Amino acid sequence: MNPPLSITAAVMTDPHKTPSSRVDMAGLAVGWMLLGALVVGLVVGGLIDHFLATKPWGMLGSVLLFLTAGMAPLFRRLRK
């Protein structure tokens, strides 16, 4: 049985825009957001610890804060 025309037309016009590749890219974007939140949390926490002499509490608190903020887009995507 042939697939519906809309899926066939999408694959024939641009093979890089298949439904599975869009899902993969969405997952990759969420992964990069979490990694970015972790890196920013580490940097901000390191600066807080350095200037306020609160080692390791500044880093722990900022990493938890930024990872929590980084997970918000993940939960929004999962709700859709």
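Within each chain, residues carry numbers counting from 1 in the order of the written sequence. Only residues with pLDDT of at least 70 get local features here, since the model is predicted, and only at 80 or more are side-chain atom pairs given and counted; chain-wide, interface and lining totals rely on the full set of residues. As a rule here, side-chain values come from all non-hydrogen atoms in the structure, and water together with hydrogens is ignored.

Draft legend 1. The overall build of the chain, seen in detail. Per the secondary structure count, the chain includes 3 helices and 0 strands. Residues counted as buried form 15% of the 80 residues belonging to the chain. A contact between two residues is defined here by any heavy atoms of the two lying within 4.5 Å. At a minimum sequence separation of 6, the contacts of the chain that also span at least 24 residues come to 44%. Accessible surface, the chain: about 6400 Å² in total, of which carbon and sulfur atoms supply 75%. Only runs of H or I of at least four residues qualify as helices and only runs of E of at least two qualify as strands under DSSP, and these elements are numbered from the N terminus. Per-residue accessibility, obtained with a 1.4 Å probe over protein chains only, is compared with the maximum for each type, and a residue is labelled buried under 20%, exposed over 50%, and partly exposed between these values. The method behind every accessible area is Shrake-Rupley, applied with a 1.4 Å probe, and residues are considered shielded solely by the protein chains displayed.

Draft legend 2. Focus on the confidence of the model for the chain. Per-residue confidence for the chain gives a mean pLDDT of 80, with 71% of residues at or over 70. How sure the predictor is of each residue is captured by pLDDT, a score from 0 to 100. Confidence, expressed as mean pLDDT per element, reaches its minimum in the chain at helix H1 (residues 5–13) with 49 and its maximum at helix H3 (residues 57–79) with 89.

Draft legend 3. Region of the structure containing unusual backbone geometry. The linkage connecting Lys55 with the following residue, Pro56, adopts the cis geometry, with an omega of 0°. One non-glycine residue, Ala53, lies in positive phi territory at about 55°. According to the relative accessible area criterion, Ala53 is exposed, its value standing at 69%.

Draft legend 4. Representation of a nonpolar patch on the surface within the structure. Residues enter patches when they are more than 30% accessible in relative terms and free of salt bridges; like-charged ones are connected within 9 Å and nonpolar ones (Val, Leu, Ile, Met, Phe, Trp, Tyr) within 5 Å. Whenever a carboxyl oxygen of Asp or Glu lies within 4 Å of a side-chain nitrogen of Lys or Arg, that contact is scored as a salt bridge. Side chains of Met25, Leu28, Trp32, Leu35, Leu38, Val39, Leu42, Val43, Leu47, Ile48, Phe51 and Leu52 sit close together on the surface and give an oily, nonpolar patch of about 1200 Å² of accessible area. Mapped onto the fold, Leu28 is located in helix H2 (residues 19–52). What makes Leu28 partly exposed here is its relative accessible area of 45%.

Draft legend 5. Spotlight on H3. Each residue after the first adds 1.5 Å to the expected span of a helix. Helix length check: H3 (23 residues) gives 33 Å between terminal C-alpha atoms against 33 Å at 1.5 Å per residue, within 8%. Taken together, the buried positions of H3 are Gly58, Ser62, Val63, Gly70 and Pro73.

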